[in-house]
Amino acid sequence: MTPKQRRFVDEYLIDLNATQAAIRAGYSKKTAGYIAKELLRKPPIAAEVEKRKQKLTKKLEITQEKVLQELAAIAFANGADYAKVITTGPATEVRMTATDDLPPEKLPAIAGIKANQYGVEVKLHDKVKALELLGKYLGTFDGAVAQEQTENNLFEAIESVGKGGFDDLPEIQQTPEDDAPLVEDGEIPE
């Protein structure tokens, strides 16, 4: 690799923005996007990027498990873990939970804490995005899974049975459950 290509690798590993890395490495702004793509396709450069990513991952002890734990902490964060709304008579107050009192697994969900004119604001990371990333990892949102799910339509089930009776339909309860109240002559059970 040339010194300029080594500089590109250094710059690319900062933010993984290939075009900006090419510009910072000294390539022309006009052709930086094209050059960056070409550089990343070169086997020696791609191998160096991968080698250095692996080295950094190992050094920082970044594992799949740690990433998933952080995502899960964000995805399953509950606002009530960080603040309690207390109503006493006509007054309502919000009591914040001190960060020292929070379990360590709750802390990663906090994006920021700041004081403002109304008190203290705790901002959590994007829960929906974390759920989306976990869902993708688990394959929850794959097209194949979505296509396999069918709507449970009682009317279609009845139509498919035809005149044969309803005894075979699991959707229709044949006998009341033990604790289920019975309705007789228009009475409404209490």
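See the structure printed just above.
Here the structure is a predicted model, which means the values were calculated and not measured.

Rules of the game
By convention here, each chain's residues receive numbers from 1 onward along its written sequence. Only residues with pLDDT of 70 or above have their local features reported here, since the model is predicted, and side-chain atom pairs are shown and tallied only from 80 upward, although totals for entire chains, interfaces and linings are computed over all residues. With hydrogens and water stripped out, all remaining heavy atoms of the structure feed into the side-chain values. The pairing test for Phe, Tyr and Trp rings, Trp by its six-membered ring, is centres within 6.5 Å, and the orientation test on the planes gives stacked under 30 degrees, edge-to-face over 60, and tilted for anything in between. Remark: a charge is flagged as sitting over a ring if the NZ atom of Lys or the CZ atom of Arg is within 6 Å of the ring centre and within 35 degrees of the ring normal. Helical segments are the DSSP runs of H or I of at least four residues, strand segments are the runs of E of at least two, and each set is numbered from the N terminus. Three labels apply to residues, based on accessible area from a 1.4 Å probe with only protein chains included: buried if under 20% of the type maximum, exposed if over 50%, partly exposed otherwise in between. Residue contacts follow a heavy-atom distance rule, with two residues in contact if any of their heavy atoms lie within 4.5 Å. Only strands that DSSP links by at least two bridges are regarded as paired with each other. Nonpolar side chains (Val, Leu, Ile, Met, Phe, Trp, Tyr) are joined into patches within 5 Å and like charges within 9 Å, using only residues with over 30% relative accessible area and no salt bridge. Using a 1.4 Å probe, the Shrake-Rupley method yields the accessible areas, and only the shown protein chains count as cover for residues. When a carboxyl oxygen of Asp or Glu is within 4 Å of a side-chain nitrogen of Lys or Arg, the pair counts as a salt bridge.

Draft legend 1. The arrangement of the packing of aromatic side chains in detail. Under the counting rule described, the total for this entry stands at one aromatic pair. Directly above the aromatic system of Tyr27 lies the positively charged group of Lys4, at a separation of 4.6 Å from the ring centroid.

Draft legend 2. Looking closely at the side chain of Glu48. Position of Glu48 among the secondary structure elements: in helix α4 (residues 43-60). Taking the relative accessible area as the measure of exposure, Glu48 reaches 16% and is therefore buried. If sequence neighbours within four positions are ignored, Glu48 has contacts with Met1 and Val9.

Draft legend 3. Geometry of unusual backbone geometry. Its identity as a non-glycine residue notwithstanding, Leu16 has a phi of 60°, on the positive side. Within the secondary structure, Leu16 is located in the loop between α1 (3-15) and α2 (18-24).

Draft legend 4. The pairing of strand β1 (residues 83-88), seen in detail. Counted residue by residue, β1 has zero buried out of six residues, so it is predominantly exposed. Note that β1 and strand β2 (residues 91-96) share six bridges and pair antiparallel. Within β2, the position partnered with Val85 by the bridge is Val94. Turn length for the β1-β2 hairpin, with the two strands adjacent in sequence and antiparallel, is two residues, and the turn residue Gly89 shows positive phi of about 65°.

Draft legend 5. Just a nonpolar patch on the surface, in detail. Together, Val85, Val94, Met96, Ile113 and Val120 give the surface a local cluster of nonpolar side chains, amounting to about 450 Å² of exposed area. Inspection of the secondary structure puts Val85 in strand β1.

Draft legend 6. Layout of the side chain of Gln5. Examined against the element boundaries, Gln5 turns out to sit in helix α1. With residues near it in sequence (within four places) discarded, Gln5 still touches Tyr27, Leu39, Lys42 and Ile45.

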